[in-house]
Amino acid sequence: MTRFRTLDDAGDLKGKRVLVRVDFNVPMDQGRVTDATRILRVLPTLRELSEAGAKLILLAHFGRPKGKPVAAESLRPIAEATAAELGRPVAFAEDCVGETAAAAVAALKDGDVLMLENTRFHAGEEKNDPAFVKALAENGDVYVNEAFSAAHRAHASTEGLAHVLPAYAGRLMQAELDALTKGLEAPARPVVAIVGGSKVSTKIDLLKNLVAKVDALVIGGGMANTFLHAAGLGVGKSLCERDLAGTAQAIIEAARENNCAIILPVDGVVAEEFKAGAPHHTYGVDAIPDNGMILDIGSLSVDRISAAIDDAKTLVWNGPVGAFEIAPFDQGTVAAARHAAARTKAGQLVSVAGGGDTVAALNHAGVSEDFTYISTAGGAFLEWLEGKPLPGVDALRRQA
């Protein structure tokens, strides 16, 4: 973490107005937060700053209001939920700039917490407009970014502020960057990546980047069917992007040039329809029936993945290897996840996972607490895996 400025570099923050960019774009139903995970994960930073005597001013977005106030996308109920989780009052201002915000900030005492209204109620947020950045900055002395999940956006509150105020990574951002560094930028080798999901088309950049960085790449889920088809194998009625066979072959060739082993399924759990408890049978990938759909990997494929994990010191995981949402087609993903978790608990593996479906799959397998790190960042995690720059992260880098 020496490459990024963190709270350890911030010095004494007592009495300082600290603008904290959080990602509280949380699930809501009828005005109530239904999943407070993103709030809970930043509480250590909020408590640390409050106990240090800082005046906390929370910046966040919610929904897609397109630069105009939308009552249904107000942060007020999220401020109330944050107060409940934090165990102390969280004041609320009905704007994030201007006189309303300034008055709310001026009323803060050391250790107090204030949430400003949705930054996306202003068009200048997503445009990273310098005038809007300046207006936000007028209410702060220091900027702390705790929103890795929004770090792939060069918006005023995620990137612009870091150039006009002393800027630091919060503890959650610090943990995320530390995990990602261990995952691909400076990993213990060998490194194995597991990439699953439904379509190759959504992960072309990801696959191209990984074959140049990892020692073995496991491809599972529906996207594996495209690779099997490209190898001349029949996949029946399985999800398959046949028009991307050339892309799959190019990725395999790039892997060969980079000495990266490609691990594809050797057997699959096949059913004629996709529904819970559907009659199913396991076939070798060279014998998939024409009327069948591959919905999970078979036991031999699980064994191959487990063997790759056994050889690895670092594992990066994005996407399930089967249709884990419906039993019994969750068994391959669950078995592989539990094997990785056991290796991690034994101190033999650094395991970093991320992406919405991945988090859900690991929760389903009951192993989320056993991985080294699980990112809930979604798009930012995927763009990091793809090797793309993250503006909100780059703005926190130390100067050479």
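Preceding this section is the structure that the text describes.
These numbers come from a predicted model, not from an experiment.

Draft legend 1. Representation of the sheet that holds strand β17 (residues 373-375) within the structure. With parallel pairing, the six strands of this open sheet are ordered in space as β11-β10-β9-β15-β16-β17. Edge positions in the sheet fall to β11 (261-263) and β17, since each has one partner strand and no second. Taken pair by pair, the neighbouring strands of this sheet meet at an average axis angle of 15°, ignoring direction. With five bridges joining them, strand β9 (residues 191-195) and strand β15 (residues 314-318) adopt parallel strand pairing. Paired with Val191 across the bridge in β15 is Thr314. On the sheet, helix α6 (residues 171-185) packs against β9, β15, β16 (350-354) and β17 and is oriented at approximately 110° with respect to β17.

Draft legend 2. Spotlight on empty space enclosed by the protein. Summed over the entire model, instances satisfying the criterion amount to two cavities of 30 Å³ or more. The calculated volume of the largest cavity comes to roughly 120 Å³. Lining the largest cavity are 13 residues, with Arg38, Glu146, Ser149, Leu172 and Thr376 sitting closest to its centre. Within the residue set of the lining of the largest cavity, elements represented by two or more residues are α1 (37-51) and α6. Top contributing element to the lining of the largest cavity by residue count: α1, with three residues. When its residues are assigned to classes, the lining of the largest cavity shows five nonpolar, three polar and five charged.

Draft legend 3. Broad picture of the layout of surface pockets. Considering only enclosed or pocket space, the largest pocket measures out at about 560 Å³ in volume. Taken together, 36 residues form the lining of the largest pocket, with Gly197, Ser198, Gly221, Gly222 and Gly322 sitting closest to its centre. Those elements that provide at least two residues to the lining of the largest pocket are α8 (222-230), β12 (267-271), β14 (293-297), α12 (356-365) and α13 (379-385). Considering every element that reaches the lining of the largest pocket, the biggest residue donor is β14, with five residues. In terms of residue class, the lining of the largest pocket is built from 14 nonpolar, 16 polar and six charged. Lining the second largest pocket we find 15 residues, and of these Thr37, Arg41, Val359, Asn363 and Thr376 sit closest to its centre. Among the elements of the structure, α1, α12 and β17 are those that each provide at least two residues to the lining of the second largest pocket.

Draft legend 4. Local environment of the pattern of salt bridges. Here the structure, examined in full by the defined rule, presents 18 salt bridges. With a shortest N-O distance of 3.0 Å, Arg38 and Asp23 are connected by a salt bridge. Taken as a pair, Arg38 in helix α1 and Asp23 in the loop between β1 (17-21) and β2 (28-29) lie far apart in primary sequence, 15 residues in all. Here Glu94 ties to Arg76 by a salt bridge, and the two come within 2.9 Å at their closest N and O atoms. With Glu94 in the loop between β5 (91-93) and α3 (98-106) and Arg76 in helix α2 (residues 76-86), the pair connects residues that are 18 residues apart, well separated along the chain. Here the residues in one salt-bridge network are Asp8, Glu48 and Arg171, joined through shared partners.

Definitions and limits used
- Throughout this document, residue positions are counted from 1 along each chain, in the order its sequence is written.
- Residue-level local features of this predicted model are given only where pLDDT is at least 70; pairs of side-chain atoms are given and counted only at 80 or more, and the full residue set underlies all totals for whole chains, interfaces and linings.
- To get the side-chain values, take all heavy atoms of the structure and skip hydrogens and water.
- Each pair of strands is called paired provided DSSP finds at least two bridges between the two strands.
- Helix and strand definitions here come from DSSP, where helices need a minimum of 4 consecutive H or I residues and strands a minimum of 2 consecutive E residues; each element is numbered from the N-terminal end.
- Between N-to-C directions, angles cover 0 to 180 degrees, with each direction set by a line fitted to C-alpha atoms, over the stretch in contact for helices.
- Contacts are assigned to residue pairs that have any heavy atoms within 4.5 Å of one another.
- Detection works on a 1 Å grid of protein atoms alone, calling trapped sets that fit a 1.4 Å probe cavities and calling open sets with protein on both sides within 12 Å along at least five of seven lines pockets, with lining residues defined by an atom within 4 Å of a point.
- Grid points are joined across faces, edges and corners, and a volume is the space filled by probe spheres set on the points.
- When residues are sorted by character, Ala, Val, Leu, Ile, Met, Phe, Trp, Tyr, Cys and Pro go into the nonpolar class, Asp, Glu, Lys and Arg into the charged class, and all the rest, Gly among them, into the polar class.
- A pairing counts as a salt bridge when a side-chain nitrogen of Lys or Arg comes within 4 Å of a carboxyl oxygen of Asp or Glu.

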